[in-house]
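Commentary on secondary and tertiary structure
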Amino acid sequence: MRKSRNIIIAALVLVILLGAYLYINHQSQENGIEEETDSELTISNTSRDKITKMILTSSKGEITIERKDDIWVLTGNEDIELDQDKVNDLAYSFAVIFAERIVEENPQDLEKYGLKSPVATVKAFFDDGDTREYYLGNKTPEGTTYYLMKKDDPKVYTVWMNHGENFSSGLDDLRNKKLTAINTLELDYLYIKQEDKPVIEIVSNINEELNKYGLDLWMLKQPYNHTYAVGSKDFMELLEKGFEFTIEEFVEDKPSDLSKYGLDEPRIEIQIKDTSNSLHLLVGSNKDDNLVYAKTADKDTVFTMAFSKLQPLLDLKPIDLIDRFVYIIDINLIDAIEIEHEGKVDKLTLSRTTKKSEDSDEEETITTYKVNGKEVEEEAFKDYYQNLIGITFDAELDKEVEKTEPEIRTTFTLNSGEKVTVEYVPYDDDFYTVYRDGVSDFVASKKKVKTMLDSLKELTK
């Protein structure tokens, strides 16, 4: 028994020691400090958080980067946004760097390593006054390492390729190439304007009269005469995929002439907003078959981006975005409906009274449904109402038409006092031009309207 107990205690001690080791090791890595495995191969091993400034000099130019309030900024031009992850990775290369091997202790010929005239000279300044200065040479024949020397150290080292890539960075390599991220599932506004196509404008329905426009989260404000609910399957699939707009290459900061990029009169304008962020993008002429010149409205930097990233938005067709109902409204907002057809008028009314519920102290609403003054069953009335509001558009109105006398007119009287009139005017043998309050955007099949009238005749029997 005592032996078993000792084994258990020993096992617990091992677990505790292992946990302590893992924690200490993790903390060291978090602070940018790695365990020194070979002192001869240790070029630097300290915390990158101590770095205050870095200077990179290469054929790509000289850049100075400083830390301000835990954010890396470009000295002399803080308006240029840097990729913080990339700059932090650069700082890590200054702070923690181990050689793969020592090539020569005291080389006589630096030319063969690309170190007589270094590919890049880089320097970091630390908060304790210390500095690190390195000279980067060529990539080695293996292709996975670079030659490197440290100031005041005669040895030539090879270091892993990520250090070589970091030290040879130019400004464009460290700039943020991601445009403002938009959470499409919290879309608040979308505006698309392009040559020879109608403007698309979609707004959030959260702050609108939800019952009036349906429960869809968005409404289409343009290009039609009326507002329509947006809730199509195609649109939802587009939002689920999201938008990823990235910069391919930077072209010019503060350009004096935007016309050479086609940005003096952009051919495409896109505005997207979610509940927290916004992106206003202007697109000019093509650079080649794949790239276009672009800029954001709030910054004077021209860049290129892949046109294919914009294509899903530019291919949107307004009619494919909307719920195609001619006029859909909650029945609880209706007081009366008049249907004029075949030389007669059928009138449907809904009258409401309230009384205390038998099951609770709350009041319940009792609705009485009548057709031409005669009471009808609720189920039959609602079945017809579904046929009435279920009429959908088939296509956009593709030409100007002169409005003539409608064959069918439906007038909805809302309990707010508002009246909405929908009229069906013959377009051709198969379709009606549909007018809502005197204005038309679409045509609807005569068969759909006939189905509604047949349902009305059944209700009025």
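Another aspect to go through is the overall build of the chain. The helix and strand tally for the chain stands at nine helices and 27 strands. A separation threshold of at least 6 residues defines the contact pool for the chain, and within that pool the share at least 24 residues apart is 55%. Summed over its atoms, the accessible surface of the chain is roughly 26100 Å², and 45% of this surface lies on carbon and sulfur atoms.

Now for helix H8 (residues 378-389). The first and last C-alpha atoms of H8 sit 16 Å apart over 12 residues, in line with the 16 Å expected at 1.5 Å per residue. Against strand E19 (334-341), strand E20 (344-356), strand E21 (363-371), strand E24 (408-414) and helix H9 (446-460) lie the buried residues of H8.

Counted under the stated rule, the structure contains 15 aromatic pairs. Where Tyr 228 meets Phe 442, the ring centres are 5.4 Å apart and the plane angle is 80°; that geometry is what we call edge-to-face. One end of the pair, Tyr 228, is in strand E13 (residues 228-230); the other, Phe 442, is in strand E27 (residues 439-445), with 214 residues separating them in the sequence. Here Tyr 228 and Phe 442 have matching classes, each one buried. Among the aromatic residues, those joined into a cluster by ring pairs are Tyr 224, Tyr 228, Phe 393 and Phe 442. For Lys 273, the ring lying beneath its charged end belongs to Tyr 189, and the centroid distance is 5.4 Å.

The next point concerns the side chain of Glu 269. In this fold, Glu 269 is placed in strand E15 (residues 268-274). There is no salt bridge for the buried Glu 269, and the closest opposite charge comes from Lys 193, which lies 5.0 Å off by N-O distance. A distance of 2.7 Å separates the side chain of Glu 269 from the side chain of His 280, its partner in a polar contact. Those residues within four positions of Glu 269 in sequence are excluded, and the remaining contacts are Tyr 191, Ile 192, Lys 193, His 280, Leu 281 and Leu 282.

Positionally, Val 87 belongs in helix H2 (residues 84-95). Relative accessible area serves as the criterion here: at 0%, Val 87 is assigned to the buried category. When the C-alpha atoms of Val 87 and Ile 71 are compared, they prove to be 9.7 Å apart, with 16 residues separating the residues in sequence. In this structure Val 87 touches Met 54, Ile 65, Trp 72, Leu 82 and Leu 174, once residues within four positions along its chain are discounted.

Mapped onto the elements, Ser 455 comes out in helix H9. According to the relative accessible area criterion, Ser 455 is buried, its value standing at 17%. For Ser 455, the side chain forms a polar contact with the side chain of Asn 387, separated by 2.9 Å. The residues touching Ser 455, leaving out its near neighbours within four places in the chain, are Tyr 384 and Asn 387.

As a further point, take the environment of Glu 378. Residue position: Glu 378 is located in helix H8. For Glu 378, a relative accessible area of 41% gives the class partly exposed. For the pair formed by Glu 378 and Thr 367, sequence separation is 11 residues and the distance between their alpha carbons is 8.4 Å. At a separation of 2.8 Å, a polar atom in the side chain of Glu 378 contacts the side chain of Lys 382.

This part takes up the sheet that holds E27. Taken in spatial order, the nine strands of this open sheet run E22-E21-E20-E19-E24-E25-E26-E27-E23, and their pairing is antiparallel. Each having just a single partner strand, strand E22 (374-375) and strand E23 (395-396) make up the two edges of the open sheet. Here E19 pairs with E24 via seven bridges, running antiparallel. What sits directly across from Ile 334, in E24, is Leu 414. Sheet strands touched by H8: E19, E20, E21 and E24. Its angle to E21, the strand with the most contacts, is close to 75°.

Rules and cut-offs
Residues numbered from 1 in each chain as written. Predicted model: local features only at pLDDT ≥ 70, side-chain atom pairs only at ≥ 80, totals over all residues. Heavy atoms only, no water. Helix = DSSP H or I, 4+ residues; strand = E, 2+ residues; numbered from the N terminus. Contact = heavy atoms within 4.5 Å. Areas by Shrake-Rupley, 256 points an atom, 1.4 Å probe, with all protein chains shown as cover. Expected span 1.5 Å × (residues − 1). Phe/Tyr/Trp six-rings, centres within 6.5 Å; stacked < 30°, edge-to-face > 60°. Buried < 20%, exposed > 50% of the residue type's maximum accessible area, 1.4 Å probe, protein only. Lys NZ or Arg CZ within 6 Å of the ring centre and 35° of its normal. Lys, Arg positive; Asp, Glu negative; His and termini not counted. Salt bridge = Lys/Arg side-chain N within 4 Å of Asp/Glu carboxyl O. Polar contact = N/O pair within 3.5 Å; in protein donor to acceptor, adjacent residues only side chain to side chain. Pairing = 2+ DSSP bridges. Axes fitted to C-alpha atoms, helices over the stretch in contact; angles between N-to-C directions.

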